[in-house]
Amino acid sequence: KLGYYGISWGSALAPIMLAVDGRIKAAVLVGGGLMFQRTLPEVDPFNFAPHVRMPVLMVNGRYDYFFPVETSHVPFFRLFGTPEKDKRDVIFDSGHVPPNDLLIKEVLDWFDHYLGPVK
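What this report covers is the structure whose coordinates are included nearby. (Residues numbered from 1 in each chain as written. Predicted model: local features only at pLDDT ≥ 70, side-chain atom pairs only at ≥ 80, totals over all residues. Heavy atoms only, no water.)

### Focus: the nonpolar core
Move 1: The biggest cluster of nonpolar side chains holds 15 residues, and the ones touching the most others in it are Tyr 4, Leu 18, Leu 29, Val 56, Met 58 and Phe 80.
Move 2: Elements with a minimum of two residues in this core: α2 (14–20), β2 (24–30), β3 (56–61) and α4 (69–79).
Move 3: With three residues, β2 is the single largest residue contributor to this core.
Move 4: For Val 56, the residues in contact, after removing those within four places along its chain, are Ala 27, Leu 29, Phe 77, Phe 80, Thr 82, Asp 86, Lys 87, Arg 88 and Trp 110.
Move 5: Among the nonpolar cores identified, the runner-up in size contains 12 residues, and Ala 26, Val 30, Leu 103 and Val 107 belong to it. (Core = buried A, V, L, I, M, F, W, Y, C linked by side-chain atoms within 4.5 Å. Buried < 20%, exposed > 50% of the residue type's maximum accessible area, 1.4 Å probe, protein only. Helix = DSSP H or I, 4+ residues; strand = E, 2+ residues; numbered from the N terminus. Contact = heavy atoms within 4.5 Å.)

### Digging into the pattern of salt bridges
Move 1: Under the criterion given, the structure shown has six salt bridges.
Move 2: Between Asp 86 and Lys 85 there is a salt bridge, with its nearest N and O atoms 3.1 Å apart. (Salt bridge = Lys/Arg side-chain N within 4 Å of Asp/Glu carboxyl O.)

### Considering the sheet that holds strand β4 (residues 87–92)
Move 1: Ordered in space as β1-β2-β3-β4, the four strands form an open sheet in which the pairing is parallel. In the strand order of this sheet, the two ends are held by β1 (2–7) and β4, each with one partner. Taken over all neighbouring pairs, the strand axes of this sheet differ in orientation by 10° on average, direction set aside.
Move 2: Note: β2 against β3, four bridges, orientation parallel. When the bridges of β3 are listed, Leu 29 appears paired with Met 58.
Move 3: Along the sheet, α4 makes contact with β2, β3 and β4, crossing β4 at roughly 160°.
Move 4: Packed on one face of the sheet, helix α5 (residues 100–115) meets β1, β2, β3 and β4 and runs near 165° to β2. (Pairing = 2+ DSSP bridges. Axes fitted to C-alpha atoms, helices over the stretch in contact; angles between N-to-C directions.)

### Description of unusual backbone geometry
Move 1: For Ser 8, which is not glycine, the phi torsion reads 60° and is therefore positive.
Move 2: By secondary structure assignment, the location of Ser 8 is in the loop between β1 and α1 (9–12).

### What to know about the environment of Ser 94
Move 1: Along the chain, Ser 94 turns up in the loop between β4 and α5.
Move 2: The exposure class of Ser 94 is buried, given its relative accessible area of 11%.
Move 3: In sequence terms Ser 94 and Arg 38 are 56 residues apart; their C-alpha atoms lie 28 Å from each other.
Move 4: When residues no more than four places from it in sequence are discounted, the contact partners of Ser 94 are Gly 61, Arg 62, Tyr 63, Asp 64 and Pro 99.

### Some words on a nonpolar patch on the surface
Move 1: A cluster of nonpolar side chains, Tyr 5, Ile 7 and Val 97, forms an exposed patch at the surface whose accessible area comes to about 240 Å².
Move 2: What makes Val 97 partly exposed here is its relative accessible area of 35%. (Patch = residues over 30% accessible without salt bridge, like charges linked within 9 Å, V, L, I, M, F, W, Y side chains within 5 Å. Areas by Shrake-Rupley, 256 points an atom, 1.4 Å probe, with all protein chains shown as cover.)

### Describing the pairing of β2
Move 1: In terms of burial, β2 is a largely internal element, six of the seven residues being buried.
Move 2: By the bridge criterion, six bridges tie β1 to β2 in an arrangement that is parallel. Paired with Gly 6 across the bridge in β2 is Leu 29.

### With respect to the environment of Gly 61
Move 1: In this fold, Gly 61 is placed in strand β3.
Move 2: In this structure Gly 61 comes out as buried when scored by relative accessible area, which is 0%.
Move 3: For the pair Gly 61 and Val 90, spaced 29 residues apart in sequence, the C-alpha to C-alpha distance is 8.5 Å.
Move 4: Here Gly 61 is in contact with Val 69, Ile 91, Phe 92, Ser 94, Gly 95, His 96 and Pro 98, once residues within four sequence places are set aside.

This is the structure we're talking about:
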């Protein structure tokens with residue numbers, strides 16, 4: 001049982017790995033969204049996101065300066081091909097990466113639900 005946990009750039013690039021590696025069964029993306037830099041289509045996360053089918057939890061801050069909620073985070077979340085029942089979007093009143101006390105509970109609950117509790 002393998003889960004993916006990406007923060008910031010690791011979250012923004014996650015669709016590439018999630019779409020091509022079938023070993024990953026659940027993902028948590030923290031402080032991520034669509035990037036605004038030009039990139040080649042064959043390595044653009046935008047083109048990979050619709051092919052992601054595993055459960056995805058996104059956790060961002062409402063005041064994220066790098067991945068603004070309305071123009072970067074929400075469009076990124078909507079691109080994922082994951083069924084709606086297996087997608088969750090959590091936005092905290094924080095900056096780029098939410099505080100650990102809020103984040104840890106969301107992450108552990110997500111992975112426990114989709115990968116099973118740690119024994």
